[in-house]
Amino acid sequence: MMQRTLWILLGWSTEYGAATTVVAVLGIDQGDDGGIDRHIEWVPREYQRCLTWRERIASTPVDELPAHIEIWEHSLTAPAARVDLVPSAPDLGAAVQYQLDDLLGHTG
């Protein structure tokens, strides 16, 4: 059985003075065997606001990602928000893409 979680990664908005800008969607699959897979889709043209996240993801081994994301969830400057209803999809990459498309308002 695979446990799938999706996270909306947020970056700092100088306009609002809070971390309200969606910079990426991160998906994590955890298997019963302890295997972990991840997939991330970055929001286009948000490179500057996602630097913290790019650094975090790049410097964290995949097997440590689930523990780290739960800590980062509470960050004031670059938090993560868990997606309650994970879209049904044929694979992790598609689920992440569906979620990002939904956030950006893309259809079909």
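Quick notes on the rules
- Residues numbered from 1 in each chain as written.
- Predicted model: local features only at pLDDT ≥ 70, side-chain atom pairs only at ≥ 80, totals over all residues.
- Heavy atoms only, no water.
- Helix = DSSP H or I, 4+ residues; strand = E, 2+ residues; numbered from the N terminus.
- Rg over C-alpha atoms; globule rule 2.2 N^0.38 Å.
- Buried < 20%, exposed > 50% of the residue type's maximum accessible area, 1.4 Å probe, protein only.
- Contact = heavy atoms within 4.5 Å.
- Areas by Shrake-Rupley, 256 points an atom, 1.4 Å probe, with all protein chains shown as cover.
- Lys, Arg positive; Asp, Glu negative; His and termini not counted.
- Charge placed at Lys NZ, Arg CZ, Asp CG, Glu CD.
- Expected span 1.5 Å × (residues − 1).

It is worth spelling out the overall build of the protein at this point. When helices and strands are tallied, the protein shows 3 helices and 4 strands. Ordered by position from the N terminus, the helices and strands of the protein form the series β-β-β-α-α-β-α. For the protein, the C-alpha radius of gyration of 14 Å lies close to 13 Å, the compact-globule estimate for 108 residues. Along the longest, intermediate and shortest principal axes, the C-alpha atoms of the protein span 45 × 35 × 20 Å. By residue count, 39% of the 108 residues in the protein fall in the buried class. Considering only contacts in the protein between residues 6 or more positions apart, those separated by 24 or more positions represent 54%. Accessible surface, the protein as shown: approximately 6500 Å² in total, 51% of it carbon and sulfur. Of the charged side chains in the protein, 7 are positive and 16 negative, and the gap between their average positions amounts to 7 Å.

A separate point is helix α3 (residues 92-104). Helix length check: α3, at 13 residues, gives a terminal C-alpha distance of 18 Å against a target of 18 Å (1.5 Å per residue), a fit within 8%. All buried positions along α3 are accounted for by Leu92, Gly93, Ala94, Ala95, Val96, Gln99 and Leu100. Next to the buried residues of α3 lie β1 (2-13), β2 (18-31) and β3 (36-42). Phi for Gly105, located one or two positions after α3, is positive at around 80°.

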